[in-house]
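# Breakdown of the fold
In case you want the letters, here they are:
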Amino acid sequence: MTGQNPYQGSPPGDDKGVGDSGPPYGPPGYGPQPPYGPQPAYGPPYGPQPGYGQPPGYGPQPGYGPPPGYGPQPGYGQPVYGQPGYSPYPIDDPTDVVGTRVGQYLLDGLIASVPVLVLFLVLTAIAGGVAAAGSGAAAVPVLVIAYLVGLVGAVAIPFFVFAYWPSTHGGQTPAMRWLGLRVVREEDGGPPTLGQHAVRWLLLIVDGGLIGLIVVSTSQRHQRLGDMAAKTLVVRA
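For the structure given in this document, a descriptive report is provided here. (Residues numbered from 1 in each chain as written. Predicted model: local features only at pLDDT ≥ 70, side-chain atom pairs only at ≥ 80, totals over all residues. Heavy atoms only, no water.)

A separate point is the overall build of the protein chain. Across its full length, the protein chain holds seven helices and two strands. Starting at the N terminus, the α and β elements of the protein chain follow one another as α-α-α-β-α-α-α-α-β. Across the protein chain, the fraction of contacts at a sequence separation of at least 24, relative to all contacts at a separation of at least 6, is 63%. Split by element, the accessible area of the protein chain, about 16900 Å² in all, is 67% carbon and sulfur. (Helix = DSSP H or I, 4+ residues; strand = E, 2+ residues; numbered from the N terminus. Contact = heavy atoms within 4.5 Å. Areas by Shrake-Rupley, 256 points an atom, 1.4 Å probe, with all protein chains shown as cover.)

Attention now goes to the packing of aromatic side chains. The geometry of two aromatic rings is summed up by the distance between their centres and the angle between their planes. Taken as a whole and assessed by the stated rule, the structure comprises three aromatic pairs. Arranged with centres 5.4 Å apart and planes meeting at 70°, the rings of phenylalanine 159 and tryptophan 201 form a pair that is edge-to-face. One end of the pair, phenylalanine 159, is in helix 2 (residues 136-168); the other, tryptophan 201, is in helix 4 (residues 194-202), and 42 residues separate them in sequence. Residue class for tryptophan 201 comes out buried when judged on its relative accessible area of 16%. Their ring planes at 25° and their centres at 5.8 Å tell us that phenylalanine 160 and tyrosine 164 sit as a pair that is stacked. Taken together, the positions of phenylalanine 160 and tyrosine 164, both in helix 2 and four residues apart, correspond to about one turn of that helix. (Phe/Tyr/Trp six-rings, centres within 6.5 Å; stacked < 30°, edge-to-face > 60°. Buried < 20%, exposed > 50% of the residue type's maximum accessible area, 1.4 Å probe, protein only.)

Time to look at the pairing of strand 2 (residues 232-236). Residues in a regular strand project their side chains so that they alternate between the two faces of the sheet. Burial runs high along strand 2: four of the five residues are buried. Here strand 1 (residues 181-185) runs beside strand 2; their pairing, made up of five bridges, is antiparallel. Its bridge partner lying in strand 2, valine 184 is registered against leucine 233. (Pairing = 2+ DSSP bridges.)

Right, let's get into unusual backbone geometry. Note: most peptide bonds trans; most residues except glycine with negative phi. Phi is positive for histidine 222, close to 55°, though the residue is something other than glycine. Within the element layout of this structure, histidine 222 appears in the loop between helix 6 (210-218) and helix 7 (225-230). The phi dihedral of lysine 231 is positive, around 60°, even though this residue is not glycine. Mapped onto the fold, lysine 231 is located in the loop between helix 7 and strand 2. With a relative accessible area of 49%, lysine 231 lands in the partly exposed category.

On to the nonpolar core, then. Residues Ala112, Val161, Phe162, Ala163, Trp201 and Leu204 constitute the largest nonpolar core, which totals six residues. Sorting elements by how many residues they give to this core places helix 2 first, with three residues. Sequence-distant contacts of phenylalanine 162, that is, excluding residues within four places in its chain, are made with Asp108, Gly109, Ala112, Thr173, His197, Trp201 and Leu204. In terms of nonpolar packing, the next biggest core, distinct from the first, is built from five residues, Val97, Met176, Leu181 and Val183 among them. (Core = buried A, V, L, I, M, F, W, Y, C linked by side-chain atoms within 4.5 Å.)

Structural data, given as structure tokens:
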């Protein structure tokens, strides 16, 4: 009993002899396994696998280019500084003639005021001559007539220059013709009527000076109050 090998013989309850080849004592499935070489259906181990190429949709997709509206737009010209014809403004504004309008107003005002001034001087001289030749009572009617004629002239001559003349000459006063300007209707660009020119002329009383310059410089389409009321624009001819 003392020298007996515990691993010899059969386990209790087993009637097989020692030499019988029974199942191994290790866990089932731990015997020699199939080789670890390339397995079928795995394909070449390091080559490109089917389906592992560039997935569709990762290339340049439609719509990932420059969005519409970011390229050169009509009216902007080619955006290269120094290129002939390049302008930083989208559209050349034909009403942006503020400086030219100041010169036109001064010239037309001179044309209208010089005849009025001459008329007053002539009438005053006549009244003075009558007063010197006769009694002072005789000079009074002459002075009154001279005053009324001068007043009519002070209204009629500017009306002729600023309203009647442009209504018969394609929307241009004499100075506008010299400086390349024109008055047009706001809605369709046609020549304004005599009534529209008359409205523009009458409102020169309100905006014929510094107020008009401020309004023309700051309004969206460079209109003074007379233009807004008459629905007209002053543009390049």
